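Here are the chains, one letter per residue:
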Amino acid sequence: MVSRVIGIGGREATFIENATLRVQIDDIGGMTPVFCSVQDKRQINAHWQPWFRSNSGIPYKDADNGRFWKSELLYNIAGNFPCAPNFGPAHIIDGITMPPHGWTANLKWDYKKSGIDEASGAAWALSELKSPDASMPLSFKKTDALVPGQSVHYSALTIGNAGSKNIDICCANHNTVAPPFLQADCCISAAANIWTTPPPGGEFDTTTRLAMGAEFASLSKAPLTYGGKTDLSIVPHPIGYTDFVTGAIPRTAWLGWSSVVNPRLKMAYISFFPGPATLLNEGFEDELILYFNDLWMQYGGRQFTPWAPWDGAPDQTYCLGVQNATAAYMYGLDYAREKKTVLDSPATITIPAGGQKTLYYGCLLAVYERNILDSGIVGIDAEESRLVCKSATESWKFDADTSFSVIRRIHRES
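Residues numbered from 1 in each chain as written. Predicted model: local features only at pLDDT ≥ 70, side-chain atom pairs only at ≥ 80, totals over all residues. Heavy atoms only, no water.

Visitor: Outline the overall build of the chain, listing residues and values.
Guide: Scanning the chain from terminus to terminus reveals four helices and 32 strands. A globule of 414 residues ought to have a C-alpha radius of gyration of about 22 Å, and the chain, at 20 Å, matches this closely. Along the longest, intermediate and shortest principal axes, the C-alpha atoms of the chain span 60 × 55 × 45 Å. Per-residue burial for the chain yields a buried fraction of 62% across its 414 residues. Of all intrachain contacts in the chain linking residues separated by at least 6 positions in sequence, the fraction that spans at least 24 positions is 63%. Approximately 16,400 Å² of the chain is accessible, and the part contributed by carbon and sulfur atoms is 50%. The distance from the centre of the 34 positive side-chain charges to the centre of the 41 negative ones in the chain is 2 Å. (Helix = DSSP H or I, 4+ residues; strand = E, 2+ residues; numbered from the N terminus. Rg over C-alpha atoms; globule rule 2.2 N^0.38 Å. Buried < 20%, exposed > 50% of the residue type's maximum accessible area, 1.4 Å probe, protein only. Contact = heavy atoms within 4.5 Å. Areas by Shrake-Rupley, 256 points an atom, 1.4 Å probe, with all protein chains shown as cover. Lys, Arg positive; Asp, Glu negative; His and termini not counted. Charge placed at Lys NZ, Arg CZ, Asp CG, Glu CD.)

Structure below.
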């Protein structure tokens, strides 16, 4: 089923559901505050709905709201949302005032149409967005869909360039989970095989416990500022720190992925998308590839608004960003263009003049059995119709369209 609804705060949204999953996608910023697993009478929303999100229904005005919220993005932020052409703070780029995380995360998407696909039974919705500045003539087309029998939210995002020059951009999916799904002792895993903290000079300088600008091979052995190591793969209780790390997905990987497993609820939250090796296939040159797994560990390190009720008060925000991106850390498009690469992987994507590229993405929220994934996921393989999630000793298979065949066709035909 797919329908148009009015969400909290009077936000217009699209609501898509099947027997096991419910998703709400706001027009403003493409935010998904509701990503809800349905299990008989039990419903569990995995996505972040911050306590400070404005629900007044009054549009953001910097003069009235800027002192507390700092930006329109934080006035509306929730759950997962697309970030393009920027991933990081607001700044001036090509003479344009670029908002934090780009136009796709801030502007109101234009809902076009929705329906039920006859061939697959998938419920889908189409939205579009255009650049507000003619000097960066990008366009954005997004299709969201749920396929019957699968607990997966599929999306396809096409970024077009109507100009006469190539445009280098950043792109990301800003997945953020929170209670009730997120709890201490959840297990974090990802496809990356090498990790790094950002260099000094960004928003995490004063909030992190990690050594800045340090590389490490495993989430379980992340270096601390004052010596020693910590295990980032296990979610702690709120600890008074906000940390960020980025990991490079192997260039040989056909599938990119990240996961959070809650062993108490016996539930897994998994994002998956075509990996860098996809570009080796003939005819896939127009794929938009995400090269990095990013972890934003918001465990209470921001003692300023809007994370805290006033500057100097305790941070009241507990959530985990399991994001996937092509960017340089979360430092913005200008920095990524200058940096060019991180961990030997590209920090930007080129949208060719007169051309376009498309990102295909899946986000799963589902139950597993028999404690198989309780200690986390060590690897994921793609079968034709399943995600094969490996633990240290066994595997669990989730139904999923790992080739993105259904969303590809719907997006192309819509």
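Visitor: Break down the packing of aromatic side chains for me, citing the residues and quoting the values.
Guide: Scanning the model with the defined rule gives 23 aromatic pairs in all. Through successive ring pairs, a cluster of aromatic residues spans Trp48, Trp51, Phe52, Tyr60, Phe68, Trp69, Tyr75, Trp296 and Trp307. Between arginine 4 and the ring centre of tyrosine 111, over which it is positioned, the NZ or CZ distance is 4.2 Å. When the ring centre of tryptophan 307 is taken as origin, the NZ or CZ atom of arginine 302, which lies over that ring, is 4.5 Å away. (Phe/Tyr/Trp six-rings, centres within 6.5 Å; stacked < 30°, edge-to-face > 60°. Lys NZ or Arg CZ within 6 Å of the ring centre and 35° of its normal.)

Visitor: Before we move on, can you summarise empty space enclosed by the protein with the specific residues and values?
Guide: Applying the stated criterion across every chain yields a total of two cavities of 30 Å³ or more. Of the pockets and cavities examined, the largest cavity occupies roughly 120 Å³. Lining the largest cavity we find 14 residues, and of these Asn80, Pro82, Lys142, Ser155 and Asn173 sit closest to its centre. Those elements that provide at least two residues to the lining of the largest cavity are strand E11 (138–146), strand E12 (152–161) and strand E29 (356–367). (1 Å grid on protein atoms, 1.4 Å probe; cavity = no way out; pocket = protein on both sides within 12 Å on 5 of 7 lines; lining within 4 Å. Points joined across faces, edges and corners; volume = space filled by probe spheres on them.)

Visitor: Talk me through the sheet that holds strand E2 (residues 12–17); I want residue IDs and the actual numbers.
Guide: Here we have five strands laid out as an open sheet, ordered E1-E2-E3-E4-E5, and antiparallel in their pairing. In the strand order of this sheet, the two ends are held by strand E1 (2–6) and strand E5 (42–45), each with one partner. Within the sheet, the average angular offset between the axes of one strand and its neighbour, ignoring direction, is 25°. (Pairing = 2+ DSSP bridges. Axes fitted to C-alpha atoms, helices over the stretch in contact; angles between N-to-C directions.)

Visitor: Lay out the pattern of salt bridges with the relevant residues and their values.
Guide: Throughout the structure, instances matching the rule amount to 18 salt bridges. Where arginine 22 meets glutamate 17, a salt bridge forms, and the shortest distance between an N and an O atom there is 2.9 Å. Accessibility expressed as a relative area gives 27% for arginine 22, which makes it partly exposed. A salt bridge links lysine 390 to aspartate 381; its shortest N-O distance comes to 2.7 Å. The exposure class of aspartate 381 is partly exposed, given its relative accessible area of 37%. (Salt bridge = Lys/Arg side-chain N within 4 Å of Asp/Glu carboxyl O.)

Visitor: Please give an account of helix H4 (residues 405–413) that cites residues and values.
Guide: Since the α-helix turns once every 3.6 residues, residues separated by three or four places project in the same direction. Taken together, the buried positions of H4 are occupied by Val406, Ile407, Arg408, Arg409, Ile410 and His411. Elements in contact with the buried residues of H4: strand E10 (123–130), E11, E12, strand E23 (267–274) and E29.

Visitor: Got a sec to walk through the sheet that holds strand E22 (residues 255–262)? Specific residues and values, please.
Guide: In any sheet, the strands associate via hydrogen bonds between backbone groups, in a parallel or an antiparallel arrangement. Strand order in this open sheet of eight strands is E9-E10-E11-E12-E29-E23-E22-E16, and the pairing throughout is antiparallel. In the strand order of this sheet, the two ends are held by strand E9 (110–116) and strand E16 (187–190), each with one partner. Going from strand to strand, the sheet's axes swing by 15° on average, the running direction of each strand aside. Pairing between E12 and E29: nine bridges, direction antiparallel. Note that in E29 the partner of tyrosine 154 across the bridge is glycine 362. H4 contacts E10, E11, E12, E23 and E29 of the sheet and is inclined by roughly 130° relative to E11.

Visitor: So, helix H1 (residues 62–69): which residues are in play, and what are the values?
Guide: Residues Asn65, Gly66 and Trp69 constitute the buried set of H1. Down the axis of H1, the buried set is contained in an arc of 115°. They therefore lie on one face. With respect to the buried face of H1, the exposed residues turned more than 90 degrees away are Ala63, Asp64 and Arg67. Residues of H1 that are buried in the fold lie against helix H2 (72–76). A positive backbone phi angle near 75° is found at lysine 70, which sits one or two residues after H1. (Arc of directions from axis to C-beta.)

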